[in-house]
Amino acid sequence: MLFGQVVMGPAGCGKSTYCFTLQQRALDSARNVIVVNLDPAAENYSYSAYADIRELISVEHVEEELTLGPNGALVYCMEYLLENFEWLEEILCGLLEDDYVIFDCPGQIELYTHYSFMRDFTVALKQLGFQLCGVYLLDSQVLCDPNKYLGGCLSALSTMLQLEIPHVNILTKMDLVKGDTSDNFPDEEDDNFICPDMTQLLEALYVTVPQKFYRLNQVCSSTFRGFIDY
Ligand SMILES: Nc1nc2c(ncn2[C@@H]2O[C@H](COP(=O)(O)OP(=O)(O)OP(=O)(O)O)[C@@H](O)[C@H]2O)c(=O)[nH]1
């Protein structure tokens, strides 16, 4: 059996940096961690890539050939990857049982929330014998703003439900958190800074969001609470 992580999250949240760091940590402990770049628009990443979707297809190429915009080209590339999955299968079939594979995914969250691509991709990997974990990265700036926190939780939850694989959320860039938290929201001094209580979230939203959305926010926060308790 092969093990792997599917690393997802909004653009710029730190996915490639996370993959690089994990690869370096593994090297230090003499473990082989393989990173596969699945972002057809990625030009720079610091890890050493075992495979790169850009060898199959790139956003730049699709934009030129099919005169599509960046988002349309990205969706085209991801569908192309699925249709030509044997390209990846051939590369991955050389792996050993102990190898651990990290898939660095694109940052357009609609790929996880609106399209079935990522789900179909993980199903195809499972058929190759992969045991997968979804890793959803969020910039820790969301901790300073209840509106961003609500949006971040919704996107992470929606991704988890779409993929139906074990799921871990990770907050990145903690070194940049300055503690200038919005009123009524826990700050760095609070024990529940990393995981605000849902009552606190609702109270903070009550102050910042128009009243007509109160009931909606109440339903959202009770949904999150349900998943936390579960
Ligand atoms: N200060 C700080 N900067 C970070 C951290 N992680 C990532 N960055 C920076 O954030 C920027 C984006 O990081 P990436 O790793 O490229 O993010 P990404 O999610 O792969 O970006 P996309 O591929 O565009 O979706 C880079 O300038 C990184 O150096 C962190 O923990 N702390």
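Named according to an unreviewed UniProt entry, the protein chain is GPN-loop GTPase 3 originating from Galdieria sulphuraria. Here the protein chain is described in UniProt, under the heading Sequence similarities (unreviewed entry), as follows: "Belongs to the GPN-loop GTPase family." The annotation that UniProt attaches to the protein chain under Subunit (unreviewed entry) is "Binds to RNA polymerase II (RNAPII)."

Visitor: What exactly am I supposed to notice about the nonpolar core here?
Guide: Soluble globular proteins tend to bury their nonpolar side chains together. By size, the foremost hydrophobic cluster in this structure holds 54 residues, and its most contacted members are Val36, Phe103, Met118, Phe121 and Phe130. Looking at which domains feed residues into this core, each of domain 1 (2-177) and domain 2 (178-230) gives three or more. Val7, Tyr18, Tyr100 and Val135 belong to the second largest nonpolar core, which has 13 residues in total.

Visitor: How do you make sense of the layout of surface pockets when you look at a structure like this?
Guide: Empty space among the atoms can be located by rolling a probe the size of a water molecule over them. Space inside the largest pocket adds up to approximately 470 Å³. Lining the largest pocket are 18 residues, and of these Tyr149, Cys153, Ala156, Asn169 and Ile228 sit closest to its centre. Of all the secondary structure elements, the ones that give two or more residues to the lining of the largest pocket are α7 (146-163), β6 (167-172) and α9 (214-229). The dominant element in the lining of the largest pocket, judged by the number of residues it contributes, is α7, at six residues. Here the lining of the largest pocket is built from residues that sort into 15 nonpolar, three polar and no charged. In terms of domain composition, the lining of the largest pocket takes at least three residues from each of domain 1 (2-177) and domain 2 (178-230). The volume enclosed by the second largest pocket comes to roughly 260 Å³.

Visitor: Is there a simple way to explain the site of the ligand in this structure?
Guide: What surrounds the ligand is the set Ala11, Gly12, Cys13, Gly14, Lys15, Ser16, Thr17, Asp39, Gly107, Lys173, Asp175 and Leu176. For the ligand, an oxygen atom lies 2.8 Å from a polar atom in the side chain of Lys15. Contact between the ligand and Thr17: an oxygen atom at 2.6 Å from a side-chain N or O atom of the residue. When the free accessible area of the ligand is taken as 650 Å², the share hidden by the protein chains comes to 58%. Per-class residue counts for the shell around the ligand are three nonpolar, five polar and four charged.

Visitor: Help me understand helix α1 (residues 15-28) in this model?
Guide: At 3.6 residues per turn, the α-helix brings residues three or four places apart onto the same side. A rise of 1.5 Å per residue sets the reference length of α1, with its 14 residues, at 20 Å; its end C-alpha atoms lie 20 Å apart and thus fit the reference within 8%. For α1, the complete set of buried residues consists of Lys15, Tyr18, Cys19, Gln23 and Ala26. For α1, the arc enclosing every buried residue in end-on projection is 135 degrees, short of the 170-degree limit, so these residues lie on one face. Turned more than 90 degrees off the buried face of α1, the exposed positions are Thr17, Arg25, Leu27 and Asp28. Those residues of α1 that are buried are in contact with β1 (2-8), β2 (33-37), β4 (100-104), β5 (130-139) and β6. The first or second residue beyond α1 is Ala30, which carries a positive phi of 55 degrees.

What counts and what doesn't
- Residues numbered from 1 in each chain as written.
- Predicted model: local features only at pLDDT ≥ 70, side-chain atom pairs only at ≥ 80, totals over all residues.
- Heavy atoms only, no water.
- UniProt positions renumbered as here; feature names shortened; annotations may be inferred.
- Core = buried A, V, L, I, M, F, W, Y, C linked by side-chain atoms within 4.5 Å.
- Buried < 20%, exposed > 50% of the residue type's maximum accessible area, 1.4 Å probe, protein only.
- Domains from an automatic or database assignment.
- 1 Å grid on protein atoms, 1.4 Å probe; cavity = no way out; pocket = protein on both sides within 12 Å on 5 of 7 lines; lining within 4 Å.
- Points joined across faces, edges and corners; volume = space filled by probe spheres on them.
- Helix = DSSP H or I, 4+ residues; strand = E, 2+ residues; numbered from the N terminus.
- Nonpolar A, V, L, I, M, F, W, Y, C, P; charged D, E, K, R; others polar.
- Near = heavy atom within 4 Å.
- Polar contact = N/O pair within 3.5 Å; in protein donor to acceptor, adjacent residues only side chain to side chain.
- Areas by Shrake-Rupley, 256 points an atom, 1.4 Å probe, with all protein chains shown as cover.
- Expected span 1.5 Å × (residues − 1).
- Arc of directions from axis to C-beta.
- Contact = heavy atoms within 4.5 Å.

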